[in-house]
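Examination of the molecular architecture
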Amino acid sequence: MPKPFSDISLISPELVVAAIAFAVLVADLVFPRAWRKEIALLAGLGLVAALLPTASLWGRGPVSEFSGAFLVDNLALALKLLFTAAGAMTVLMSADYFMGLRKGFGEYFALLCFFVLALCFMASAGDLIVLYIAFELSSITGYLLAAWLRDDPKSNEAGLKYFIYGAAASGVMLFGISLLYGLTGTLEIRGLADRLAANSSVLGGVAAAMVLAGLGYKIAMWPFHWWAPDVYEGAPTPVTAFLSVGPKIAGLALIVRVMAAIQASAPDAWPAVIALLAIITMFTGNLLAIRQANVKRMLAYSSIAHAGYLLIGVVVAWFNPTGLQALVFYAVVYVFMNLGAFAVALIVEAQSGNSLIESFAGLAQRAPVLAAAMTVFLLSLTGIPPTGGFVGKLLLFGAAISVPKLWLLALAGIVNTAISLYYYMNIARAMFLMPAGEERLERVPGALTAALVVAIVAVLAMGVAPQALTVVAEVSSRALASL
Amino acid sequence: MTLPPVGLPHYLVLAALLFAMGLFAVITRRHAIGLLLGIELMLNAANINLVAFSRYGGLGPTTGLGPGAHLDGHIFALMVIALAACEAAVGLAIILRLYQTLATTDPNKVRAMKW
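Below is a short write-up of the structure. From a predicted model like this one, the values you see are computed outputs, not experimental measurements. (Residues numbered from 1 in each chain as written. Chains lettered and ligands numbered in written order. Predicted model: local features only at pLDDT ≥ 70, side-chain atom pairs only at ≥ 80, totals over all residues. Heavy atoms only, no water.)

1. What about the packing of helix α15 (residues 368–382) of chain A against helix α16 (residues 388–401) of chain A?
All names here are of chain A. It is the contact of α15 with α16, at a shortest axis distance of 6 Å, that shows an interaxial angle of 5°. Between α15 and α16, the angle falls in the class roughly parallel. For the pair formed by α15 and α16, the contact residues are S380, L381 and T382 on the first element and G388, G389, F390 and K393 on the second. Considered class by class, the residues forming the contact of α15 with α16 number 2 nonpolar, 4 polar and 1 charged. (Axes fitted to C-alpha atoms, helices over the stretch in contact; angles between N-to-C directions. Helix = DSSP H or I, 4+ residues; strand = E, 2+ residues; numbered from the N terminus. Parallel < 35°, antiparallel > 145°, perpendicular 65-115°, else oblique. Contact = heavy atoms within 4.5 Å. Nonpolar A, V, L, I, M, F, W, Y, C, P; charged D, E, K, R; others polar.)

Structure (structure tokens):
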């Protein structure tokens, strides 16, 4: 009889995040309304504290725990650090935004912590049960957070749309999982590959496609991206910021892990299929972003396009480990630049009451520092030096060129980068060239400023001195291969 | 006349039919509650698959799943039942809010945002 587990410390990051979530929930019940700031502080500091156990596990592994249900390797750990940091930044962005909420302030932060918990489990999923439960936990918290502004019809609409698409996608994915179980007799992700290869059938391909549909919904991949613009526009802006980074990166990690196993159902076809999906996703996101007048909606399409860029890394990773390295690097940069762009959008929205591009008019005169920060994020999203986005795209496209026949992916990526320059610079044009209104910008809350500073330092540091992160990304990508 | 004993294929066909009906309901229903029911059908179709595979063994020759030897599918089905309940609760809460702010439960009429 094997022991159920040998080392509980391997899930210490998850335990800490779960403890924080419950602590926030209890604190909200016990303490009076006047303590709202302290409750937000508890959530933020708790998530920062959760970075420590994760960091202390670095280099342990790859090991699988709980009879193979839970994997710990450097890839999972790097992603957990990323998710926890993104969660902490979202707390900073949310604290003042939700301060006026009639009810549900504490629950918001508790749910955000549960969301981070779900993402951490997604990064470590070793079997399909854990994968599905983590996937659902992240979805359910996501539905609730998107609909969090109870009296705002747009927020309700965002919640409903996210729920309908999400529940349908997870139903399809679960059916695919049940077929995979029947075909292979195992739920362990590692065990799937050999057994699928041993008896390949059409049904295996269908099941794999169904699983991909669920994961594709999570990362907003074409043709499962239709929910993204409406949900991103309607959801409260801090929630949108987190939805655009957290689930996307966690979903990609699952695609890397799961598709590596289930591509055995049709090893010749799957890379081509994913490559095609990556190209279509990039073009869909970028072409539809061009005509958007609302910055949140534009960033939604931009995030669809980024799912496409990141999928390039997934395809290349099957042929060359540099693909996964580039994917991890770009994922880290993407989280910080996107959160930063949303933080600026949040400030402008708080000032003008909407997030239209015209609200950014003359921001360079009204708030030069803010306009400069937004410019850095936009340059990074486009992929222009000296930002992290440039290095990330360089690594991704470079990795694609290094594999024969995949240079087409790099070409599509470069064309898309050129397209994206147009709509990103549309915001810069509004900020620098359009005349400013009368009003001066109000003082920006301290917490939000802190989030902004972290984002901009991270984006610039990764652009100017990318070596540290490339090493981390390289180590993470190696961990997966050796398992 | 005796009917053939009920075996794995029967369960799989039933599950496939249920899944198709659920998906059809999700695509065509004009009422949010109807959508929710469709989603439940899809999840329960997967549950039937999981339990049937667990009981009768897998499809392929290399699966090594002896009849009744495997509990994974049963456990998974129990988890799915719990998750489906959570999902339904959250879905109903969202639909209720929507009805209170917009006075409709037809997802097609909820379209303040387009393109």
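Structure shown, so let's carry the discussion forward.
2. Concerning helix α13 (residues 322–352) of chain A
Residue and element names in this part refer to chain A. Helix length check: α13 (31 residues) gives 44 Å between terminal C-alpha atoms against 45 Å at 1.5 Å per residue, within 8%. With respect to burial, α13 is a largely interior element, 28 of its 31 residues being buried. Two residues or fewer after α13 comes G353, characterised by a positive phi angle close to 85°. (Expected span 1.5 Å × (residues − 1). Buried < 20%, exposed > 50% of the residue type's maximum accessible area, 1.4 Å probe, protein only.)

3. Thoughts on the nonpolar core
Counting 220 residues, the largest nonpolar core has A:F360 and B:F76 as the members making the most contacts within it. Here this core takes 22 residues from α13(A), the largest share from any one element. Excluding anything up to four places from it in sequence, B:F76 contacts A:L128, A:I129, A:Y132, A:L174, A:I177, A:L187 and B:L50. Ranked by size, the runner-up nonpolar core spans 6 residues in total, among them A:I11, A:L57, A:F70 and A:V72. (Core = buried A, V, L, I, M, F, W, Y, C linked by side-chain atoms within 4.5 Å.)

4. Describing the packing of aromatic side chains
Each pair of aromatic rings is reported with the distance of its centres and the angle of its planes. If you walk through the whole model with that rule in mind, you get 22 aromatic pairs over all chains. Centroid distance A:F175 to B:F19: 4.2 Å. Interplanar angle 20°. Geometry classified as stacked. In this pair, A:F175 is assigned in helix α6 (residues 153–184) and B:F19 in helix α1 (residues 8–28), connecting two distinct chains. Of the two residues, A:F175 and B:F19, neither departs from the other in class, the shared state being buried. Measuring from ring centre to ring centre gives 5.3 Å for A:Y217 and A:W227, while their planes differ by 55°; the resulting arrangement is tilted. Taken together, the residues span a long stretch of sequence, with A:Y217 in helix α8 (residues 202–219) and A:W227 in helix α9 (residues 227–234) at a distance of 10 residues. Through pairs of rings, three or more aromatic residues link up here, namely A:Y97, A:F98, A:F105, A:Y108, A:F109 and A:W148. Sitting above the plane of the A:F135 ring, A:K218 keeps its charged end 4.7 Å from the centroid. Cation over ring: A:K393 sits above A:Y309, and NZ or CZ is 4.4 Å from the ring centre. (Phe/Tyr/Trp six-rings, centres within 6.5 Å; stacked < 30°, edge-to-face > 60°. Lys NZ or Arg CZ within 6 Å of the ring centre and 35° of its normal.)

5. Describing the pattern of salt bridges
All names here are of chain A. Tallied over the entire structure, the rule returns 12 salt bridges over all chains. D73 is paired through a salt bridge with R257; the nearest N and O atoms lie 3.1 Å apart. Within this pair, whereas D73 is found in the loop between β2 (70–72) and α3 (74–97), its partner R257 is found in helix α10 (residues 237–262), the two being separated by 184 residues in sequence. Overall, the relative accessible area of 8% leaves R257 in the buried class. Of the charged contacts, one joins K161 and D230 as a salt bridge, the two residues approaching to 2.9 Å between their closest N and O atoms. Of this pair, K161 sits in helix α6 while D230 sits in helix α9, and the two are 69 residues apart along the sequence. Here the two residues K161 and D230 agree in accessibility, since each one is buried. (Salt bridge = Lys/Arg side-chain N within 4 Å of Asp/Glu carboxyl O.)

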